[in-house]
Amino acid sequence: MSQVSNSIDGLRQWFRQCPLLSKNNRFGADYLSENPTEYAIYASPSTLRYRENVLGESILEDRQTQNYIFATRKNYGSDVKQNSDNLAFFTGLIAWMIEQNNARNFPRIEEGRVTAIVPTLTAYPAQVGSDSAKYQIQIQITYRRN
């Protein structure tokens, strides 16, 4: 990827490379509608890391982490196979993420150079409706600040 963008846009572009995601489905930023099947990346609270310099001032460390949620809305209901397939999608997505991490194929972001991207929480249905559910995982990117 040659284009550098903010973290959310960089992650959206990076995830679009995954063969499990349909190019025809909407991919939002901090928004997921009620329509199955859509994808979204959400910013999640992250701790900024600081150190003290020789003057006693607090400055941001060069190495930082950011947390995000990858979510999708899927059909959901009493059909066990459908619900099992929803979770299997995330098993494949996590495997793809680990493969990309091992190959050092990272999103490009304007905040710095990504050095790792890993899932930190397994998939679960975060919101359940009568016929669809929002499934999500948490991911963490580690980067060196510019």
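Whatever comes next refers back to the structure up there.
What this report covers is the structure whose coordinates are included nearby. Computed from a prediction, not measured in an experiment: that's the story for all the values here. (Residues numbered from 1 in each chain as written. Predicted model: local features only at pLDDT ≥ 70, side-chain atom pairs only at ≥ 80, totals over all residues. Heavy atoms only, no water.)

1. Some remarks on the overall build of the protein chain
If you tally the helices and strands in the protein chain, you get 2 helices and 7 strands. Scanning the protein chain from its N terminus toward the C terminus, one meets helices and strands in the order α-β-β-β-β-β-α-β-β. Taking all 146 residues of the protein chain together, the buried fraction comes to 42%. Within the protein chain, residue pairs in contact and separated by at least 24 positions form 61% of the contacts whose partners lie at least 6 positions apart. (Helix = DSSP H or I, 4+ residues; strand = E, 2+ residues; numbered from the N terminus. Buried < 20%, exposed > 50% of the residue type's maximum accessible area, 1.4 Å probe, protein only. Contact = heavy atoms within 4.5 Å.)

2. What to know about unusual backbone geometry
Residue Thr 37 is reached from Pro 36 by a cis peptide bond, and omega for that bond is -20 degrees. Mapping Thr 37 onto the fold places it in the loop between β1 (27-29) and β2 (38-44). Of note, the phi angle at Asp 30 is positive, near 60 degrees, even though the residue is not glycine. Counting through the fold element by element, Asp 30 comes out in the loop between β1 and β2.

3. Side note on the pattern of salt bridges
On inspection of all chains with the given rule, the structure shows 4 salt bridges. As a salt-bridge pair, Glu 34 and Arg 73 come within 3.9 Å of each other at their nearest N and O atoms. Here Glu 34 is found in the loop between β1 and β2, whereas its partner Arg 73 is found in strand β5 (residues 63-75), with 39 residues between them in sequence. Between Arg 49 and Glu 61 there is a salt bridge whose closest N-O contact spans 3.1 Å. Pair noted here: Arg 49 is in the loop between β2 and β3 (50-52) and Glu 61 is in the loop between β4 (58-60) and β5, with a separation of 12 residues, a long-range link. (Salt bridge = Lys/Arg side-chain N within 4 Å of Asp/Glu carboxyl O.)

4. Some words on helix α1 (residues 7-15)
A turn of α-helix holds 3.6 residues, and therefore any two residues three or four places apart point the same way. Regarding α1, the residues found buried are Ser 7, Ile 8, Gly 10, Leu 11, Trp 14 and Phe 15. Summarising the axial view, the buried residues of α1 lie within an arc of 165 degrees, below the 170-degree limit, and thus occupy one face. At its buried positions, α1 is contacted by β1, β2, β5, α2 (80-102), β6 (112-128) and β7 (132-145). The distance from a side-chain oxygen at the start of α1 to the backbone nitrogen of Ile 8 is 3.1 Å, and the residue carrying that oxygen is Asn 6. (Arc of directions from axis to C-beta. Polar contact = N/O pair within 3.5 Å; in protein donor to acceptor, adjacent residues only side chain to side chain.)

5. Remarks on α2
Here α2 contains 23 residues, and its C-alpha end-to-end distance of 33 Å stays within 8% of the 33 Å for a straight helix at 1.5 Å per residue. Asn 83, Asn 86, Phe 89, Phe 90, Leu 93, Ile 94, Trp 96, Met 97, Gln 100 and Asn 101 are the residues of α2 that are buried. The elements touched by buried residues of α2 are α1, β2, β5, β6 and β7. Where α2 begins, one side-chain oxygen reaches toward the backbone nitrogen of Lys 81, 3.1 Å away; that side chain belongs to Asp 79. (Expected span 1.5 Å × (residues − 1).)

6. What about the side chain of Asn 67?
Its place among the elements puts Asn 67 in strand β5. A polar side-chain atom of Asn 67 sits 3.1 Å from the main-chain carbonyl oxygen of Pro 45. Excluding its chain neighbours within four sequence positions, the residues that come into contact with Asn 67 are Tyr 42, Ala 43, Ser 44, Pro 45, Ser 46, Gln 138, Ile 139 and Gln 140.

7. Let's talk about a positive patch on the surface
On the surface, a cluster of positive charge is made up of Arg 63, Arg 104, Arg 113 and Arg 144. Tracing the backbone shows Arg 113 in strand β6. (Patch = residues over 30% accessible without salt bridge, like charges linked within 9 Å, V, L, I, M, F, W, Y side chains within 5 Å. Areas by Shrake-Rupley, 256 points an atom, 1.4 Å probe, with all protein chains shown as cover. Lys, Arg positive; Asp, Glu negative; His and termini not counted. Charge placed at Lys NZ, Arg CZ, Asp CG, Glu CD.)

8. Overview of the sheet that holds β2
To summarise the sheet geometry, strands pair through backbone hydrogen bonds and adopt either a parallel or an antiparallel arrangement. As summarised here, the arrangement of the 5 strands in space is β1-β2-β5-β7-β6, forming an open sheet in which the pairing is mixed. With partners counted over all chains shown, the strands left at the sheet margins are β1 and β6, one partner each. On average, each strand axis in the sheet is inclined to that of its neighbour by 20 degrees, with strand direction left out of account. Packed onto the sheet, α1 meets β1, β2, β5, β6 and β7 and runs at close to 145 degrees relative to β2. (Pairing = 2+ DSSP bridges. Axes fitted to C-alpha atoms, helices over the stretch in contact; angles between N-to-C directions.)

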